[in-house]
Amino acid sequence: MFSFRHALTLLTLVWLLAGCGGDGDGRIVLKFPHVVAPGTPKGQGAERLRALIEERLGDRVVMEVYPSGQLMNEDDAIEMLAFGEVQMIAPSLSKFDRLTRKFQVFDLPFLFADLEEVETFQQSPVGQELLGELSHKGFLGVAYWHNGMKQFGGPRPMRRPEDAAGMKFRIMESDVLEAQILAMGANPQKMAFSEVYQALQTGAIDAQENTWSNNYSQKFFEVQPFYTESNHGYLGYLVVVNPGYWKRLPEDIREALEAIIAEVTAEVNANSTTLNAQDRARILAAGKSQIIQPSVEDLAAWRAAMRPVWEAFAGEIGPEIMAATPAGRSD
Ligand code: LMR
């Protein structure tokens, strides 16, 4: 029988799905959980969004930022966006692997030499189209944010790929990253970001890859004595909203939010290199780990070992996307 309680449950569900939760003052609440520390590129971007929303839309909109995985991990955040429990997320592009194969392009090792090359790709028509790639699945990309280039860290020096053989590497949830580690003769292990420090400390994993800002803010340098400055891969984020929710926002608010997002995106992407360089220097200053600079020949060996990964995934990613990357462009 359809009872009052059922009706109430249904109403709650509809309210949740509509994602129209407001605060006690009737303001729209945008919850933005993420997993990194506040001082990282994403952490600073989220805080800047919050501050500009307060400054410009404070009587109508409030953003609540939950850093360091304190509200939920990224897998849960991806699900909760669909349910309207949270309104904005920015997982790394790698973490959308189970939703689309196209973002795998961002994980291909040594495809992008630096953030400038990534930026050119993201701003290209193909890169801009990818922002909407998941909108029919409930995820509308509103911006790309850079973190930076990834470095390898482990218990012993890794000058060449064979030095990594047999080690157990933590990776994000990405099949390309899995193939990359296998190509080095090492063992990949998909693991949530929040578990990495402890896994390194207890020896559950030997090694991992991440940017300087994540290595510093998560204190990985305390439990892993050697880094290789490989710059072998890109770590960046897709800032995502629920497309239905976004469309239902009052138009003037949506436009104001889009302007704020564009402004903050420019800041995040302009500052990310400096932040990572600062954190690299802090890691060195802490004196607990060494940073190995691979020679030109060593880098060529890393590239050669990983190159088969491109061939393995290019087909799924698609020729149009590959053609817009530095490997496909002739200019
Ligand atoms: C990771 O899991 O290593 C990264 O995605 C964390 C982050 O959001 O930078």
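Asks: Pulling in residues and values, what's your account of the overall build of the protein?
Replies: Along the protein, the regular secondary structure elements total 12 helices and 8 strands. Taken over the C-alpha trace, the protein has a radius of gyration of 21 Å; the compact-globule value for 331 residues is 20 Å, and the two agree within 12%. Over its C-alpha atoms, taken along the principal directions, the protein stretches across nearly 65 × 45 × 45 Å. Of all 331 residues assigned to the protein, the portion counted as buried reaches 50%.

Asks: Describe the site of the ligand, listing the residues and the values that go with them.
Replies: Taken together, 13 residues surround the ligand, and among them K42, K95, R170, N210 and Y237 come closest. A distance of 2.7 Å is found between an oxygen atom of the ligand and a side-chain nitrogen or oxygen belonging to K42. One of the side-chain nitrogen or oxygen atoms of N210 is found 2.8 Å away from an oxygen atom of the ligand. Taking 270 Å² as the accessible area of the ligand by itself, protein coverage stands at 100%. Across the shell around the ligand, the residue classes tally to 6 nonpolar, 3 polar and 4 charged.

Asks: Tell me about the nonpolar core, and name the residues and values.
Replies: In this structure, L49, M88, W145 and F169 are the most contacted members of the largest nonpolar core, which totals 57 residues. Membership of the second largest hydrophobic core comes to 36 residues, among which are F103, F112, V118 and V240.

Asks: Help me get a handle on the environment of F83, residues and values and all.
Replies: Structurally, the position occupied by F83 is in the loop between α3 (74-82) and α4 (115-123). Relative accessible area serves as the criterion here: at 42%, F83 is assigned to the partly exposed category.

Asks: With reference to specific residues and values, describe the packing of helix α6 (residues 175-183) against helix α11 (residues 296-317).
Replies: For the pair α6 and α11, interaxial distance at closest approach is 8 Å and the crossing angle is 145°. As α6 runs across α11, the sense of the crossing is right-handed. Across from D175, V176, A179, Q180 and A183 in α6, the residues of α11 making contact are A305, M306, V309 and F313. Split by residue class, the contact of α6 with α11 holds 7 nonpolar, 1 polar and 1 charged.

Asks: Mind laying out unusual backbone geometry, listing which residues take part and the relevant values?
Replies: Outside of glycine, negative phi angles account for most residues, and trans bonds account for most peptide bonds. Notably, S68 is not glycine yet its phi reads approximately 55°, a positive angle. Along the polypeptide, S68 turns up in the loop between β2 (61-66) and α3. In this structure S68 comes out as partly exposed when scored by relative accessible area, which is 45%. Of note, N231 is a non-glycine position whose phi angle comes to about 45°, a positive value. Looking at N231, the relative accessible area reads 29%, which means it is partly exposed.

Asks: I'd like to hear about the pattern of salt bridges, residue by residue, with values.
Replies: Under the defined criterion, the tally for this structure stands at 20 salt bridges. E54 is paired through a salt bridge with R50; the nearest N and O atoms lie 2.9 Å apart. Within this pair, E54 and its partner R50 are both found in helix α2 (residues 41-57), separated by 4 residues, close to a single helical turn. Exposure remark for E54: the relative accessible area of 52% places this residue in the exposed category. For the salt bridge of K190 with E178, the shortest nitrogen-to-oxygen distance reads 4.0 Å. With K190 in strand β5 (residues 187-190) and E178 in helix α6, the pair connects residues that are 12 residues apart, well separated along the chain. Assessed through its relative accessible area of 29%, E178 is described here as partly exposed.

Asks: Which residues make up the sheet that holds strand β7 (residues 226-241), and what values do they have?
Replies: Spatial ordering of the open sheet is given by β5-β4-β6-β3-β7-β8, a layout of 6 strands whose pairing is mixed. Looking at which strands have only one partner, the edges of the open sheet turn out to be β5 and β8 (290-292). Mean inter-strand twist for the sheet, computed between neighbouring axes without regard to direction, equals 40°. Alignment of strand β4 (residues 168-171) against β5, held across 4 bridges, turns out to be parallel. Counterpart to F169 in the pairing with β5 is P188. Lying on the sheet, α4 is in contact with β3 (140-154) and β7; it crosses β3 at an angle near 155°.

Asks: Describe the environment of R48, and please don't skip the residues or the numbers.
Replies: Along the chain, the position of R48 falls in helix α2. Residues R48 and T265, spaced 217 residues apart in sequence, show a C-alpha to C-alpha distance of 9.8 Å. With near-sequence residues (within four places) excluded, R48 lies in contact with V264 and E267.

Asks: Tell me about the packing of aromatic side chains, residues and numbers included.
Replies: Tallied over the entire structure, the rule returns 14 aromatic pairs. Each ring, one from F96 and one from F103, has its centre 5.9 Å from the other, and the planes form 85°; the classification is edge-to-face. When sorted by exposure, F96 lands in the same class as F103, which is buried. With a centroid separation of 5.6 Å and 10° between ring planes, the pair formed by Y216 and F221 is classed as stacked. F221 gets classed as buried once you look at its relative accessible area, which sits at 6%. Ring-pair connections join several aromatic residues into one group, and the members of that group are F96, F103, F106, F112, F121, F139, Y144 and Y234.

About the thresholds
Residues numbered from 1 in each chain as written. Predicted model: local features only at pLDDT ≥ 70, side-chain atom pairs only at ≥ 80, totals over all residues. Heavy atoms only, no water. Helix = DSSP H or I, 4+ residues; strand = E, 2+ residues; numbered from the N terminus. Rg over C-alpha atoms; globule rule 2.2 N^0.38 Å. Buried < 20%, exposed > 50% of the residue type's maximum accessible area, 1.4 Å probe, protein only. Near = heavy atom within 4 Å. Polar contact = N/O pair within 3.5 Å; in protein donor to acceptor, adjacent residues only side chain to side chain. Areas by Shrake-Rupley, 256 points an atom, 1.4 Å probe, with all protein chains shown as cover. Nonpolar A, V, L, I, M, F, W, Y, C, P; charged D, E, K, R; others polar. Core = buried A, V, L, I, M, F, W, Y, C linked by side-chain atoms within 4.5 Å. Axes fitted to C-alpha atoms, helices over the stretch in contact; angles between N-to-C directions. Left-handed = near helix turned anticlockwise from the far one by under 90°. Contact = heavy atoms within 4.5 Å. Salt bridge = Lys/Arg side-chain N within 4 Å of Asp/Glu carboxyl O. Pairing = 2+ DSSP bridges. Phe/Tyr/Trp six-rings, centres within 6.5 Å; stacked < 30°, edge-to-face > 60°.

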